[in-house]
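# Topology and contacts: notes
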Amino acid sequence: MNSALFVVDVQHNMVDGPWSVPDSAGFLAKFAARIEQARDAGWPVVFVQNDGPEGDVDEPGSDGWQLWFTPEPGDRVVRKTTQNVFESNPELAEALTHANIDTIELIGMQSEYCVQASARGAKAAGFKVLLQPDLHATFHDGTPATNEPGSSYEVSATELAAQVHASLVADGTLT
């Protein structure tokens with residue numbers, strides 16, 4: 001098995017400041033450890049960077065758009081304008097296949113958007129897809145369950161990420 005690690009949308013706007021995902025510090029530590037493990041194993045590391053529209057928190061060149069982790073020599077940065085990195089970069093699957101990559105592991109954000117869409121895109125492109133349940137994150141969904149201060153959300157970020165993970169297992173996207 002020849003694998004590559006895709007680090008999806010781990011950009012400043014998702015992990016720092018008022019728009020950061022819950023427990024962003026915990027996820028960053030897990031992501032950093034997984035990136036190092038992949039590098040130590042000789043895997044290519046691909047950083048996926050979302051290009052948002054003008055005025056958005058991830059508008060190219062803005063502070064929020066910047067990657068959290070600094071790519072090292074040999075790492076690849078792939079920018080995208082759609083949720084699925086393979087849709088935004090039609091040549092990507094061929095380049096990975098040419099490099100003898102047959103398995104893609106994804107980590108990153110947001111579970112129900114770019115992680116899920118890129119996992120399905122990788123599967124559709126013929127790759128085996130790996131996604132560990134604790135290595136993708138998102139935001140709470142919906143409004144607070146009650147009007148009480150500190151009320152939990154209708155669907156917590158943890159629950160939503162778990163639902164996405166279960167759907168990817170159920171539909172056969174994940175290996």
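For the structure, check the block above.
Anyway, here's the lowdown on the structure attached to this text.

Criteria and thresholds
Note on numbering: residues in each chain are counted from 1, in written sequence order. Reporting of local features is limited, given that this is a predicted model, to residues whose pLDDT is at least 70; pairs of side-chain atoms are given and counted only at 80 or more, and all residues count toward the totals for whole chains, interfaces and linings. Water and hydrogen atoms were dropped before computing side-chain values, which therefore reflect all heavy atoms in the structure. The way it works is that DSSP assigns letters per residue, a run of H or I at least four long becomes a helix, a run of E at least two long becomes a strand, and they are numbered from the N terminus. Two things to know: the radius of gyration comes from C-alpha atoms, and the globule rule equals 2.2 Å times the number of residues to the power 0.38. Here the term buried applies to any residue with accessible area under 20% of the maximum for its type, exposed to any over 50%, and partly exposed to those in between, with areas from a 1.4 Å probe on protein chains only. Between rings of Phe, Tyr and Trp, where Trp is taken as its six-membered ring, a pair exists when centres lie within 6.5 Å; planes separated by under 30 degrees are stacked, by over 60 edge-to-face, and by other angles tilted. The rule is short: NZ of Lys or CZ of Arg within 6 Å of the ring centre and within 35 degrees of the ring normal puts a charge over the ring. Multiplying 1.5 Å by the helix residue count minus one yields the expected span of that helix. For this quantity, the arc is that covered by the directions from the helix axis to the C-beta atoms.

### Regarding the overall build of the protein
For the protein, the helix and strand inventory stands at 6 helices and 8 strands. Secondary structure elements in the protein, listed N-terminal to C-terminal, are β-α-α-β-β-α-α-β-α-β-β-β-β-α. Taken against the 2.2 N^0.38 rule, which gives 16 Å for 175 residues, the C-alpha radius of gyration of the protein at 16 Å falls within 12% of a compact globule. Taken along its principal axes, the extent of the C-alpha atoms in the protein is 55 × 40 × 30 Å. Expressed as a percentage of its 175 residues, the buried residues of the protein come to 45%.

### Considering the packing of aromatic side chains
Any pair of aromatic rings gets described here by the distance separating the centres and the angle formed by the planes. All chains considered together, the criterion is met by 3 aromatic pairs. With centroids separated by 5.9 Å and ring planes inclined at 20°, the aromatic side chains of F6 and F86 adopt a geometry described as stacked. Of the two residues, F6 sits in strand β1 (residues 3-8) while F86 sits in helix α3 (residues 85-88), which places them 80 residues apart along the sequence. Accessibility assignment for this pair places F6 and F86 in one class, buried. Plain terms: the ring middles of F27 and F31 are 5.9 Å apart, the flat faces sit at 40° to each other, and that makes the pair tilted. Placement of the pair is F27 and F31 together in helix α2 (residues 24-40), with a separation of 4 residues, close to one helical turn. Here the two residues F27 and F31 agree in accessibility, since each one is buried. The ring of F27 has K30 lying over it, and the distance from NZ or CZ to the ring centre is 5.1 Å.

### Quick notes on unusual backbone geometry
Note the cis peptide between M109 and Q110, where omega equals -20°. Relative to the helices and strands, Q110 resides in the loop between β4 (103-109) and α5 (111-124). The phi angle at D9 is positive, at roughly 55°, despite the residue not being glycine. Relative to the elements of secondary structure, D9 occurs in the loop between β1 and α1 (12-15). Phi angles above zero are rare outside glycine, and N100 is one such case at about 65°. Secondary-structure assignment places N100 in the loop between α4 (92-98) and β4. Classification of N100 as exposed rests on a relative accessible area of 53%.

### Some thoughts on helix α6 (residues 157-170)
Spanning 14 residues, α6 covers 20 Å between terminal C-alpha atoms, matching the ideal 20 Å at 1.5 Å per step. Considered for burial, the residues of α6 that qualify are A157, L160, A161, V164, H165 and L168. The buried side chains of α6 occupy one side of the element, clustering within an arc of 135° when seen end-on. Across from the buried face of α6, at angles greater than 90 degrees, the exposed residues are T158 and A170. Positioned one or two residues after α6, G172 has a phi angle of 85°, which is positive.

Coordinates in, geometry out; function isn't part of it.
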